[in-house]
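# What the coordinates show
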Amino acid sequence: MLHYHVSFDNPLTAYLQIQMTFEVPADAAAPLELQLPAWRPGRYELQNFAQKLQHVVLEDAASGEALEARKITKDRWRLSGAAGRMVRVRYNFYAHQMDAGGSWLDESQLYLNPVQAFMYIEGRQNETCQLLLDIPDDWQIACGLPQRGPRLLEAQSFDHLADSPLIASPTLQYRNYEVQGIPFYLWIQGECPIDWARLVRDFRAFSEEQLQLFGSFPAQDFHFLNEILPYPHYHGVEHLNSTVITLGPGELLMSDGLYKELLGVSCHELFHVWNIKSIRPIELQPYDFSRENYFRTCFVAEGLTTYYGDYLLARAGVFTAAQYFQELNGVLRKHYDDYGRYHLSVADASMDLWLDGYKPGAPDRKVSVYHKGALAALLLDLTLRQLSAHKKSLDDVLRQLWTEFGQTGTGYTEEDYQRVVTEVAGRDMQAYFDKFIYGTAPLEEPLNRVLGFVGCRLLTEENVSAAEGTYGFRAVLREGRTEVTNILPDAPAALALTVDDEIVAVNGRRVAQNLHTLLADGADRHELTVFRQHRLLTVELQADPAHRFWQKFTVEKLTTATPEQQASFKQWLKQDF
């Protein structure tokens, strides 16, 4: 068994004191290697958590004698000559990252993601782990791990431990509810108004909808760990039987806007308990925390989950159809804002998460597995429903994945996913994968076609901004300066402007929070004065009447929907048309 101990001397420093103790067999001949994870599941990029470690010591636990140890990579240590000893590893960990994948220590709470802070022994990842928290007696613990004693938690393995975040605090609040005999816990840390009756009602509704979809649950219980913050924030991370959600500002928690965000991210993260924590790509079976774990099916893991996260809220009656379309239109906007959709498939974007998937990166280079993946999932769901007159849907794909891979603990391949989709469809679906998963074919026409099956359409509206719609560039105001931030490659602006240009005048008139007004004079030509690399230049923008840019795509109901289309809408969304 491996033992971990967490304490803190001065919470104002944000430093935790971490100890790990373990016994080395007397017959152990080879050196041991200890690894601190370099990344965390749910965010597929190297994060190099070793940056947060201070003063690492490896010693004999009984005598305090320093052991022969050497750091061999940025986050890996080799321990020699420890056979027959009880080893103690101790170090300080800087817990000052408040997001859903971070850790935080202050005088009011300890919030810890073990994947950031704990080392494991190579080859001994499957041993039982115990975690002792040295915290004040009046602090309550919110965590998905079973509690074996006062402040003592136990995990079946390092993966189980790493996948079990915790919050310890004297001010935790919670309520619980049950669905099909499974307890769900709603934990809230932070100052905020809480309408518990509404919260429990809505959470129970979408939990029931998800359980009805899959038929069974991967865990014995589930914990929503909510860090409600005093400032604007939004983030969520999935775990096997819990999720951490960081959201703010707290005083607006029950307002329409922020409450909608809480519901959306909570439904999304619960869906992940099946889709990625249980139905897992073969490349992540098991996780290798020391390096990149490349896989090409994040459009399944995140794309399907992004689609279902909002869609199931509508099916559960928590969202109205109008609220659901509002969220879907947000996904459409984010997808069509980025011309990277012409250059990278969503399958290749899954691989490139490890490269630059969580930052803007080079302009127009990549597509989002979340947004493109969600729209491809919508297209597939409605296609399956149309082909079968609603006898089959994407639900059936997920149920088969759950039965075949999730419940058996077997990782699925790209080919497995394609096979399951084809089996559910009852016909060849290769064109769908070639065009929309492994290719960059436009989604507009096929989406509009299948939306018609449920009495809706994809509406295209022109961008009324002259800068965006006519000339194809965007600018923001920074410290009183109007700076170009984005230029479409085939737009008139691409022939005259470059990113980071500071626009100071239009047709000789000074720009001072009035750029769009100056460009909206009806003319098809404008002269711009700009600072580029501290040099003053004059450039000309010439409109191309045949082309418009950054059009707006939204989903709306057809005013002429037939009774058949209206009935189809209800079968899809479980709401009257």
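As shown above, the structure is provided for reference.
In this numbering scheme, every chain counts its residues from 1 along its sequence in written order. The predicted nature of this model means local features are confined to residues of pLDDT at least 70 and side-chain atom pairs, given and counted, to a pLDDT of 80 or more, with totals for whole chains, interfaces and linings taken over all residues. Derived side-chain values reflect all non-hydrogen atoms in the structure, with water molecules and hydrogen atoms excluded from consideration.

On to the overall build of the protein chain. When helices and strands are counted, the protein chain shows 15 helices and 28 strands. Scaling as 2.2 N^0.38, a compact globule of 577 residues should have a C-alpha radius of gyration of about 25 Å, and the protein chain matches this with 27 Å. Judged by the C-alpha coordinates and their principal axes, the protein chain covers about 85 × 65 × 45 Å. Burial status follows relative accessibility: with a 1.4 Å probe on protein chains alone, a residue under 20% of its type maximum counts as buried, one over 50% as exposed, and anything between as partly exposed. Evaluated residue by residue, the protein chain yields a buried proportion of 57% over its 577 residues. Put simply, DSSP marks the helices as runs of H or I at least four residues long and the strands as runs of E at least two long, and each gets a number from the N terminus on. When we talk radius of gyration, it's over C-alpha atoms, and the globule rule is simply 2.2 Å times the number of residues to the 0.38.

On to the packing of aromatic side chains. Only Phe, Tyr and Trp rings are paired, with Trp represented by its six-membered ring, and only when their centres lie within 6.5 Å; those with planes under 30 degrees apart are stacked, over 60 edge-to-face, the remainder tilted. Enumeration according to the criterion identifies 46 aromatic pairs in this entry. Both a distance and an angle decide whether a charge sits over a ring: NZ of Lys or CZ of Arg must be within 6 Å of the ring centre and within 35 degrees of the ring normal. A cation sits over an aromatic face here: arginine 341 above tyrosine 339, 4.9 Å from the ring centre.

On to the sheet that holds strand E18 (residues 222-228), then. If you trace the five strands from one edge of the open sheet to the other, you get E16-E17-E18-E20-E19, paired in mixed fashion. The open sheet terminates on both sides in strands that have one partner only, identified here as strand E16 (173-179) and strand E19 (233-238). Within the sheet, the average angular offset between the axes of one strand and its neighbour, ignoring direction, is 15°. Pairing between two strands is assigned when DSSP locates at least 2 bridges connecting them. The axes are straight lines fitted to the C-alpha atoms, using for helices just the contacting stretch, and the angles between their N-to-C directions are given from 0 to 180°.

Opposite charge on two side chains permits them to pair, given that their charged atoms come into close proximity. Each salt bridge in this description consists of a side-chain nitrogen of Lys or Arg and a carboxyl oxygen of Asp or Glu lying within 4 Å of one another. Summed over all chains, the structure comprises 39 salt bridges. One salt bridge in this structure joins glutamate 468 and arginine 474, with 3.3 Å as the shortest N-O distance. Between glutamate 540 and arginine 525 there is a salt bridge, with its nearest N and O atoms 2.8 Å apart. You can see glutamate 540 sitting in strand E27 (residues 535-542) and its partner arginine 525 sitting in strand E26 (residues 525-532), a full 15 residues away along the chain. On the accessibility criterion, glutamate 540 (41% relative accessible area) is partly exposed. Ionic contacts of the salt-bridge type, sharing partners, join the residues Glu33, Arg76, Arg78 and Glu122 into one network.

Here the focus is the nonpolar core. Residues grouped as a nonpolar core are buried Ala, Val, Leu, Ile, Met, Phe, Trp, Tyr and Cys residues, joined through side-chain atoms within 4.5 Å. Formed by 159 residues in total, the largest nonpolar core has its most connected members in Phe22, Leu110, Phe118, Tyr417 and Trp572. Per-element tally for this core: the top contributor is helix H5 (residues 298-315), with eleven residues. Ranked by size, the runner-up nonpolar core spans 20 residues in total, among them Ile487, Val506, Leu515 and Leu518.

Taken in spatial order, the four strands make up an open sheet running E8-E9-E15-E12, and their pairing is antiparallel. A single partner strand is all that each edge strand has here, and the edge strands are strand E8 (104-106) and strand E12 (140-143). Strand-to-strand twist across the sheet, computed as the mean angle between neighbouring axes with direction ignored, equals 10°.

Of all the positions in helix H9 (residues 394-406), only Leu394, Asp395, Asp396, Val397, Leu398, Leu401, Trp402, Phe405 and Gly406 are classed as buried. In what follows, residue pairs with any heavy atoms lying within 4.5 Å of each other are defined as contacts. As for H9, its buried residues are in contact with helix H3 (196-214), helix H4 (256-272), H5, helix H8 (371-388) and helix H10 (414-425).

At a minimum axis distance of 9 Å, the contact between helix H6 (residues 321-337) and H8 shows a crossing angle of 125°. It follows from the interaxial angle that H6 and H8 lie oblique. As H6 runs across H8, the sense of the crossing is left-handed. Here Leu328, Val331, Leu332, Lys334 and His335 of H6 come into contact with H8, specifically with His371, Lys372, Ala374, Leu375 and Leu378. All residues other than Ala, Val, Leu, Ile, Met, Phe, Trp, Tyr, Cys, Pro, Asp, Glu, Lys and Arg, Gly among them, are scored as polar; the first ten of these are nonpolar and the last four charged. Here the contact of H6 with H8 is composed, by residue class, of six nonpolar, two polar and two charged. Here is the rule for angles: anything less than 35 degrees is roughly parallel, anything more than 145 is roughly antiparallel, 65 through 115 is roughly perpendicular, and the remaining ranges are oblique. Take the far helix as the reference: if the near one is turned anticlockwise from it by less than a right angle, the crossing is left-handed, and if turned clockwise, right-handed.

With that settled, the discussion passes to the environment of proline 136. Inspection of the secondary structure puts proline 136 in the loop between strand E11 (129-133) and E12. C-alpha of proline 136 to C-alpha of isoleucine 167: the two residues are 31 residues apart in sequence and 13 Å apart in space.

Within a regular strand, side chains alternate between the sheet's two faces. Strand E24 (residues 502-506) sits mainly inside the fold: four of its five residues count as buried. As paired strands, strand E23 (residues 481-487) and E24 are joined by two bridges and run antiparallel to one another. Opposite threonine 482, over in E24, you have isoleucine 503 as the bridge partner. Of the pairings in the sheet, the one linking E24 to E26 comprises four bridges and is antiparallel in character. Its bridge partner being in E26, glutamate 502 is matched across the sheet by phenylalanine 531. Judged from the two bridges that link them, E24 and strand E25 (residues 509-510) form a sheet pairing that is antiparallel. In the sheet register, alanine 505 faces E25, and the bridge partner there is arginine 510. Linkage of E24 to E25, two consecutive antiparallel strands, is achieved through a turn of two residues, within which asparagine 507 is found at a positive phi near 50°.

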